[in-house]
Amino acid sequence: MAEITASMVKELREKTDAPMMECKKALAEAAGDMGKAEEILRVKLGNKASKAAARVTAEGIVGVSISADAKLGAIVEVNCETDFVAKNDDFLGFAKSVADLVASKSPADVDALSALDLGGQSVEEVRKALIGKIGENITIRRFSRIEAKGAVANYIHGGSKIGVLIDLVGGDEALAKDLAMHIAASKPKSLDSSGVPAELLDVERRIAIEKAREAGKPEAMLEKIAEGTVQKFLKDVTLLDQVFVKAEDGKQTVSQLLKAKGASVAGFTLYIVGEGIEKKVTDFAAEVAAQAAAAQK
């Protein structure tokens, strides 16, 4: 049996917010597999155990760049260590310049972007100089670029912590803005079911089967129950099937809204600063106590 260490229990607890003993039991049952242990906790505790999936922990901003004719758009996530630096004018200017470069030069990846010229220096040289000036590590995490089939619109929320680019075919600027705001609020994973990774559906299916089994449902019904759960999951995470956040009747889906407006969405990109990154959380009181103890020695 794999050894279950205190650090493993702590990591799972931080990811799920589940009780410590439940985390330890789940890790033991999963033979130390962190992903499997998280699934076990979701079966036992429900969606409370998926806390980490929505938790934003790293700092930085989302920057965007859209051409004057709205036919080209770029979005980039640039990270730093503290929210204070995320509001620094030099940092903000760097993020905007990087987004403009993505739009105009279409680099293949972050390495290619870092090699591009920015005011007579490479982006990488500018980044390093900014680190030296500000005193914090700064990284370019990811970017996306859209050559629009229709017109590109964007929405930035929460002090540039959430950013959306959307390519709307037909409709008007107001509709594009509303849909971008909807995406920021509802956080769809894809446009439709074809864009949802199969592994996500497999996880939902397994969890549904285990929860139904623990509830005493007949084995013959488990697959049907799981399929119903997966279909509900798809409606929750695909843009076209989500209920529009501004729907007056509380029922109109985004797909129905688009049909009524004679429009369609060719694609979208949603960035949430720090999504999926775990930032070290320091207990200040404990740190001071530890320093005091060290000083006494």
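I will try to describe carefully the structure that is included in this document.

Rules of the game
- Residues numbered from 1 in each chain as written.
- Predicted model: local features only at pLDDT ≥ 70, side-chain atom pairs only at ≥ 80, totals over all residues.
- Heavy atoms only, no water.
- Helix = DSSP H or I, 4+ residues; strand = E, 2+ residues; numbered from the N terminus.
- Buried < 20%, exposed > 50% of the residue type's maximum accessible area, 1.4 Å probe, protein only.
- Contact = heavy atoms within 4.5 Å.
- Pairing = 2+ DSSP bridges.
- Salt bridge = Lys/Arg side-chain N within 4 Å of Asp/Glu carboxyl O.

## Topic: the environment of Val265
Point 1. Within the secondary structure, Val265 sits in strand S8 (residues 264-272).
Point 2. Residue Val265 is classed as buried on the basis of its relative accessible area, which comes to 9%.
Point 3. Considering only alpha carbons, one finds Val265 and Leu239, 26 residues apart in sequence, at a separation of 9.4 Å.
Point 4. Each residue touching Val265, except ones within four places of it in the same chain, is listed here: Ile166, Asp167, Leu168, Leu179, Leu191, Leu239 and Leu258.

## Structural notes on unusual backbone geometry
Point 1. Notably, Ala31 is not glycine yet its phi reads approximately 55 degrees, a positive angle.
Point 2. In this structure, Ala31 sits in the loop between helix H2 (20-29) and helix H3 (34-45).
Point 3. Despite not being glycine, Ser106 shows a phi value in the positive range, around 50 degrees.
Point 4. Among the structural elements, Ser106 can be located in the loop between helix H6 (89-105) and helix H7 (110-114).

## A closer look at the pairing of strand S7 (residues 162-169)
Point 1. Burial runs high along S7: seven of the eight residues are buried.
Point 2. With seven bridges joining them, strand S6 (residues 151-157) and S7 adopt antiparallel strand pairing. Each bridged residue has a counterpart across the sheet, and for Tyr155 the counterpart in S7 is Val164.
Point 3. In this structure, the hairpin formed by S6 and S7 is closed by a connection of four residues, where Gly158 is found at a positive phi of approximately 65 degrees.
Point 4. Relative to S8, S7 is paired through eight bridges, and the arrangement is antiparallel. Counterpart to Ile162 in the pairing with S8 is Ile272.

## Structural notes on the pattern of salt bridges
Point 1. Under the criterion given, the structure shown has 19 salt bridges.
Point 2. We note a salt bridge from Asp100 to Lys96, for which the minimum N-O separation is 2.7 Å. In this pair, Asp100 and Lys96 both sit in helix H6, four residues apart, roughly one turn of the helix.
Point 3. Here Asp100 falls in the partly exposed class, since its relative accessible area comes to 32%.
Point 4. Taken together, the shared-partner salt bridges in this structure form one network comprising Glu59, Asp83, Lys87 and Lys161.

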